[in-house]
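Report on the structure
As a plain string of letters, each chain reads:
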Amino acid sequence: MSTRAISDYDMIIVGAGVVGCAAAKAFGEDGRKVLLLERDLSEPDRIVGELMQPGGMHALRKLGMEDCAENIDGINCFGYSVYRDGEIVELPYNKDPTTGKQARGIAFHHGRFIQNLRKSATNTKNVTVKEMTVSRLLTEDIGEKVIGVVASVKDGKEEKIYAPLTLVADGIFSKFRREFTDRQTNVMSHFVGFLIHDFELPYSQKGFVAIAKPSPILMYQIAPHDTRVLVDVPGELPKVSTGELKKYMEDVVCPQLPANMREKFMEALQTERLRPMPSGFLPPAINQRDGTILLGDALNVRSPLTGGGMTVALEDVLTCHELLSKKNIPSFTDTDLIIQAMDAFHWKRKSYSAVINVLAMSLYSVFAAQTSDMLVIQKGCFEYFKLGGDCVAGPINLLAGMNHSPLSLIYHFYRVAMYAIFIMIRDGGILGLPQNLFKAFTVFFTACVTILPFLWGELKG
């Protein structure tokens, strides 16, 4: 029996997170019969995916899902402030050319946003949402072509469900990723999250980043009384059970915050649960497996420092939907056409994902500086922001997901590097000039090896 004859759906989507829900709505509205499967449809409780950059808001609007970010007690975000060694600089978002107003992001409780996305998908014509756990992908007797999934309800009863195309979007801990690629997420650190209640940030409706040692601290308000704290902890994570992690927060992290923040920070450490989440990098691989595609954090991961993950994910859904539209591919049984489209997808997505991914990884390297050369660049970066004008407007447009130009990223990154070298030589005076002239070369080399490998990795493959 052919796959087409036994298929109840045009597409099965595994995972009802940001990508799964957005894809279900997009393809359902395109006239595809979609089955969206999620192992647990109750409200998720996660510490990531809580900040939507303006670029993500644009993508959400194009998908007709902008209202999913409303009525969930979310807080509008209009930029950032960055703190280092007792000084703070404000980095406001620029004007949004599509509205003429200041660009707007939004921060929220992740679970509330997801529930709205699921509701939107459920209310879309041609979309069926079921609470089922997918245990494996179904393949043809001959070959590796995927023809559906094996899934079970909570009582454990398994069911074979067939469709010519299966979209896997099961997140950063994807259990199906290994069936597509040998690449693994390179975990460099853990972000430890908790909430502080009724806490005032230096600038209202702006995220806060403290450049601390050994790595950065993020804060942003996600509800009227809730502020999310994410502390990056590089290397081996201190144990939660023995109190080592809490002690690390008290002894290492808290003293580096502005004085007026420390009391509330310490209070929260006594009452809130510390929840670690791995942070790393996974470059995307080309989707080349018959009958299935991989999207979202299952495909591509970057540091959460810049909050660009959901922007990339939603843009991926828009690009994938465009390439696999009914106009381009009338039936998903035409797997040759789908493989061609996904090859095009891999290269087309770089027009937005490359800058967001490279910025996240290179900025994390600078903010978590460990070497003397990198500390020179870190100081230069902060001083660059203090110059204002284009030295803020350019980088913040990249961070917000509103400028996807690699040339713009390279331009500002190397301006930062050269300004850092200038400051080092200036502050070193005449006596330090011979040593600092030599060090200028090592600083520049460090800048190159910070950004170029990530950029090359994104653009070449």
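All of these numbers come straight from a predicted model, not from anything done at the bench.

Definitions and cut-offs
Residues numbered from 1 in each chain as written. Predicted model: local features only at pLDDT ≥ 70, side-chain atom pairs only at ≥ 80, totals over all residues. Heavy atoms only, no water. Phe/Tyr/Trp six-rings, centres within 6.5 Å; stacked < 30°, edge-to-face > 60°. Helix = DSSP H or I, 4+ residues; strand = E, 2+ residues; numbered from the N terminus. Buried < 20%, exposed > 50% of the residue type's maximum accessible area, 1.4 Å probe, protein only. Domains from an automatic or database assignment. Contact = heavy atoms within 4.5 Å. Buried area = accessible area lost by both parts, 1.4 Å probe. Salt bridge = Lys/Arg side-chain N within 4 Å of Asp/Glu carboxyl O. Pairing = 2+ DSSP bridges. 1 Å grid on protein atoms, 1.4 Å probe; cavity = no way out; pocket = protein on both sides within 12 Å on 5 of 7 lines; lining within 4 Å. Points joined across faces, edges and corners; volume = space filled by probe spheres on them. UniProt positions renumbered as here; feature names shortened; annotations may be inferred. pLDDT = per-residue confidence, 0-100. Core = buried A, V, L, I, M, F, W, Y, C linked by side-chain atoms within 4.5 Å.

Focus on the packing of aromatic side chains
Under the definition given, this model contains eight aromatic pairs. Taking 5.4 Å as the distance between ring centres and 85° as the angle between the ring planes, the aromatic pair formed by Phe 281 and Phe 454 counts as edge-to-face. Linking Phe 281 in strand S17 (residues 275-281) with Phe 454 in helix H13 (residues 433-460), this pair joins segments that are 173 residues apart in sequence. Judged by relative accessible area, which is 13%, Phe 281 ranks as buried. Each ring, one from Tyr 414 and one from Phe 444, has its centre 5.6 Å from the other, and the planes form 45°; the classification is tilted. Of this pair, Tyr 414 sits in helix H12 (residues 406-428) while Phe 444 sits in helix H13, placing them 30 residues apart in sequence.

Points about the domain arrangement of the chain
Taken domain by domain, the chain comprises domain 1 (11-73 + 109-183 + 283-352), domain 2 (186-281) and domain 3 (369-459). Distance from the C-alpha centre of domain 1 to the C-alpha centre of domain 2: 31 Å. Facing the 17 residues of domain 1 at the interface are 20 residues of domain 2. Both faces combined, the contact of domain 1 with domain 2 buries some 1,700 Å², and carbon together with sulfur accounts for 66% of it. Where domain 1 meets domain 2, there are three salt bridges. Between Arg 228 and Glu 50 there is a salt bridge whose closest N-O contact spans 2.8 Å.

A closer look at the sheet that holds strand S3 (residues 51-52)
Taken in spatial order, the three strands of this open sheet run S3-S7-S4, and their pairing is antiparallel. Looking at which strands have only one partner, the edges of the open sheet turn out to be S3 and strand S4 (75-77). Looking at chain direction, S4 and strand S7 (residues 105-107) are connected through three bridges and run antiparallel. Note on S7: the bridge partner recorded for Ile 75 is Ala 107.

Some words on empty space enclosed by the protein
Within the structure shown, the criterion is met by three cavities of 30 Å³ or more. Considered as a void within the structure, the largest cavity measures approximately 320 Å³ in volume. Surrounding the largest cavity, 22 residues form its lining, Leu 359, Leu 363, Cys 381, Phe 385 and Pro 395 being those nearest its centre. Mapped by element, the contributors of at least two residues to the lining of the largest cavity are strand S5 (79-84), helix H9 (350-367), helix H10 (372-386), helix H11 (390-399) and H12. At five residues, H9 tops the list of elements feeding residues into the lining of the largest cavity.

Thoughts on the UniProt feature "domain: Squalene epoxidase" (unreviewed entry) in the chain
Taking the numbering used here, the UniProt-annotated feature "domain: Squalene epoxidase" (unreviewed entry) corresponds to residues 163-437. A distance of 64 Å separates the end C-alpha atoms of residues 163-437, which is 45% helix and 17% strand.

Examining the side chain of Arg 118
By secondary structure assignment, the location of Arg 118 is in helix H4 (residues 110-122). Contacts of Arg 118, omitting those with residues within four sequence positions, involve Ala 16, Cys 21, Glu 38, Asp 40, Leu 41, Ser 42 and Pro 44.

Points about the confidence of the model for the chain
Taken over all residues, the pLDDT of the chain has a mean of 95, while the share at 70 or more is 98%. Considering only residues more than four positions removed or in separate chains, one finds that residues 1-5, a stretch of pLDDT under 50, has seven contacts.

Quick word on the nonpolar core
Within the largest apolar cluster, 68 residues are counted, with the highest numbers of intra-cluster contacts made by Phe 113 and Leu 324. Per element, the largest residue contribution to this core is eight residues, and it comes from helix H2 (residues 18-29). Setting aside its immediate chain neighbours within four residues, Leu 324 contacts Phe 27, Arg 32, Leu 165, Ile 293, Ile 329, Phe 332, Ile 338, Ala 341 and Met 342. Residues Leu 230, Val 366, Ile 421 and Phe 454 belong to the second largest nonpolar core, which totals 65 residues.

Notes on the pairing of strand S10 (residues 146-152)
Across the seven residues that make up S10, a large majority, seven, are buried. The sheet contact formed by strand S9 (residues 133-139) and S10 spans six bridges and is antiparallel. Counted as the bridge partner of Leu 137 is Val 149 from S10. Where S9 hands over to S10, the hairpin turn is made up of six residues, of which Gly 143 adopts a positive phi near 90°. Relative to strand S11 (residues 158-162), S10 is paired through five bridges, and the arrangement is antiparallel. By the bridge assignment, Ala 151 is partnered in S11 with Glu 159. The turn linking S10 back onto S11 is made up of five residues, and Gly 156 within it adopts a positive phi angle of 95°.

Details of the pattern of salt bridges
With the rule as written, the count across this model stands at 24 salt bridges. A salt bridge links Asp 316 to Arg 349; the nearest nitrogen and oxygen atoms lie 2.8 Å apart. Placement of Asp 316 in helix H7 (residues 309-323) and of Arg 349 in the loop between helix H8 (335-348) and H9 is noted, with a sequence separation of 33 residues between them. For the pair Asp 316 and Arg 349, one class covers both residues: buried. A salt bridge links Asp 427 to Lys 379; the nearest nitrogen and oxygen atoms lie 3.1 Å apart. With a gap of 48 residues between them, Asp 427 in helix H12 and Lys 379 in helix H10 connect regions that are remote in the sequence. Take Asp 427: its relative accessible area is 45%, and that puts it in the partly exposed class. Look at Lys 379 and you get partly exposed, because its relative accessible area is 33%. When salt bridges with common partners are traced through the structure, they connect Arg 61, Glu 66, Glu 70 and Arg 104 into a single cluster.

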